[in-house]
Amino acid sequence: MKAHTVNPQIASVTTLLFDWDGTLVDSANLGLTAFEQSFAALGVVFDHEVYRAVYSPNWYSVYEAMGLPKDKWQKADELWTQHYGEQNAELVEGAETTIAELQQKGYRLGIVSSGNAGRVTREITNVGLDSVFEVVVCHEQMENRKPHPEGLETAMRLMNRSREESCYIGDSPEDIEMGKRAGLLTVGVRSAYPTNWKLERSNPDIFIQSLSELLQHF
């Protein structure tokens, strides 16, 4: 009988870096509501079809595609953060037990998100994971947004980890491109975000239907 072989790339991983929105926290519908309210406040029509087609973790590319004038982008950010904060984000199904088991197995964990640091850290605390992640890198710590690898490079530097030891788990094509550009093993996970259907074609090293499946690989 043939012996079971372990992917050497997986075997070398000691550190798992996660995207936040969509990957660990179920924020797709909350984000959509916040966008609708923000655009309404700015007097700009919100086109749902365009939103579904162009959604990206880089909100500036969304604003541009949606026809929001550039001088309103900063105000749109502020309004989105305000309206999103009026709602309660919850972890995706299976996230709590998956994270707990990964911790138990000895993996070092971190967050690399294009979200606002105040919001992301508040949500991490609200869902009871504030003692779990060694680093939380958000857009305020990046000059370049996803899919530029800067956020991952910052996290690895802060944790003193090499790219061979690290893996990035995300739910968008930009997450996978970011991970590849940083030279990391990448995991794509299904989510409720509108462009998630594009995820598999971005060719993550591992593709999973739910976060719980991560435990089959790590």
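Structural data are supplied above this passage.
Since we're looking at a predicted model, the values are computed, not measured.

Caption draft 1: Structural context of helix 2 (residues 28-42). For helix 2, built from 15 residues, the straight-helix expectation of 21 Å at 1.5 Å per residue is met to within 8% by its first-to-last C-alpha distance of 21 Å. What helix 2 keeps buried is the set Ala28, Leu30, Gly31, Ala34, Phe35, Ser38, Phe39 and Leu42. Seen from one end, helix 2 has its buried residues packed into an arc of 160°, which puts them on one side. Projecting away from the buried face of helix 2 at angles above 90 degrees are the exposed residues Asn29, Ala40 and Ala41.

Caption draft 2: Structural detail: the side chain of Arg119. For Arg119, the position within the fold is in helix 7 (residues 117-126). Owing to a relative accessible area of 1%, Arg119 belongs among the buried residues under this scheme. The contact partners of Arg119, leaving out residues within four places of it in the chain, are Trp20, Asp21, Trp80 and Tyr84.

Caption draft 3: Structural view of the pattern of salt bridges. A full pass over the atoms with the stated rule returns seven salt bridges. With its nearest N and O atoms 2.7 Å apart, the salt bridge here joins Asp21 to Arg119. Of this pair, Asp21 sits in the loop between strand 1 (15-18) and helix 2 while Arg119 sits in helix 7, placing them 98 residues apart in sequence. Owing to a relative accessible area of 13%, Asp21 belongs among the buried residues under this scheme. Between Arg119 and Glu123 there is a salt bridge, with the nearest N and O atoms lying 3.2 Å from each other.

Caption draft 4: Structural detail: the side chain of Asp19. Residue position: Asp19 is located in the loop between strand 1 and helix 2. Among the polar contacts listed, one links the side chain of Asp19 to the side chain of Thr23, at a separation of 2.9 Å. A distance of 2.8 Å separates a polar atom in the side chain of Asp19 from a polar atom in the side chain of Lys146.

Caption draft 5: How the structure looks around the packing of helix 2 against helix 5 (residues 73-85). It is at 8 Å that the axes of helix 2 and helix 5 come closest, and there the two elements cross at 130°. When the axis of helix 2 is compared with that of helix 5, the two are oblique. Handedness of the crossing formed by helix 2 with helix 5: right-handed. The residues of helix 5 that touch helix 2, namely those facing Leu30, Gly31, Ala34, Phe35, Gln37, Ser38, Ala41 and Leu42, are Lys75, Ala76, Leu79, Trp80, His83 and Tyr84. Class assignment of the residues belonging to the contact of helix 2 with helix 5 gives a composition of nine nonpolar, four polar and one charged.

Caption draft 6: Highlighting the sheet that holds strand 5 (residues 185-189). A sheet is described by the order of its strands in space; here six strands give the open sequence 3-2-1-4-5-6, paired in parallel fashion. Looking at strand neighbours, the two that pair on one side only are strand 3 (135-137) and strand 6 (206-208), the edges of this open sheet. For this sheet, the mean angle separating the axes of adjacent strands, direction not counted, is 20°. Bridge analysis of strand 5 against strand 6 gives three bridges, and the strand direction is parallel. Within the sheet, the bridge partner assigned to Val187 lies in strand 6 and is Ile206. Set on the sheet, helix 8 (residues 150-159) makes contact with strand 1, strand 2 (108-112), strand 3 and strand 4 (166-170); between it and strand 3 the angle comes to about 155°.

Caption draft 7: Looking closely at the pairing of strand 2. Extensive coverage of strand 2 is indicated by the burial of four of its five residues. Relative to strand 2, strand 1 is paired through four bridges, and the arrangement is parallel. Directly across from Leu17, in strand 2, lies its bridge partner Gly110. Where strand 2 lies against strand 3, three bridges are found, and the strand directions are parallel. Opposite Ile111, over in strand 3, you have Val136 as the bridge partner. Between the parallel pair strand 2 and strand 3, the chain is carried across by helix 7, and the sense of this crossover is right-handed.

Reading the values: the criteria
Per chain, residues are indexed from 1 in the order of the written sequence. For a predicted model such as this one, the threshold for reporting local features is a pLDDT of at least 70, and the threshold for listing and counting side-chain atom pairs is 80 or more; totals across whole chains, interfaces and linings nevertheless cover every residue. By convention in this description, side-chain values take in all heavy atoms of the structure and omit both hydrogens and water. Secondary structure elements are defined from DSSP: runs of H or I of at least 4 residues count as helices, runs of E of at least 2 residues count as strands, and each element is numbered from the N terminus. Multiply 1.5 Å by the residue count of a helix minus one, and that product is the helix's expected span. Think of it in three bands: residues with accessible area under 20% of the maximum for their type are buried, residues over 50% are exposed, and the middle band is partly exposed, with areas taken using a 1.4 Å probe on protein chains only. Taking the helix axis as origin, the arc is that swept by the directions to the C-beta atoms. Here, two residues are considered to be in contact whenever any of their heavy atoms come within 4.5 Å of each other. Between Lys or Arg on one side and Asp or Glu on the other, a salt bridge is scored when a side-chain nitrogen of the former is within 4 Å of a carboxyl oxygen of the latter. Two N or O atoms form a polar contact when they lie within 3.5 Å of each other; inside protein one atom must be a possible hydrogen donor and the other a possible acceptor, and for residues adjacent in sequence the pair counts only when both atoms belong to side chains. Only the contacting stretch of a helix is used when fitting its axis, a line to C-alpha atoms as for every element, and angles between N-to-C directions run 0 to 180 degrees. Put simply, angles under 35 degrees are roughly parallel, angles over 145 are roughly antiparallel, angles from 65 to 115 are roughly perpendicular, and the rest are oblique. Each helix crossing is assigned a hand: it is left-handed if the near helix lies turned anticlockwise from the far helix by less than a right angle, otherwise right-handed if that turn is clockwise. For this classification, Asp, Glu, Lys and Arg are treated as charged, while Ala, Val, Leu, Ile, Met, Phe, Trp, Tyr, Cys and Pro are nonpolar and the rest, including Gly, are polar. Note: two strands are recorded as paired if DSSP finds a minimum of 2 bridges between them. Orient the strands so they point away from the viewer; a crossover is then right-handed if the path from the first strand over the helix to the second runs clockwise.

Geometric values such as these leave the question of function open.
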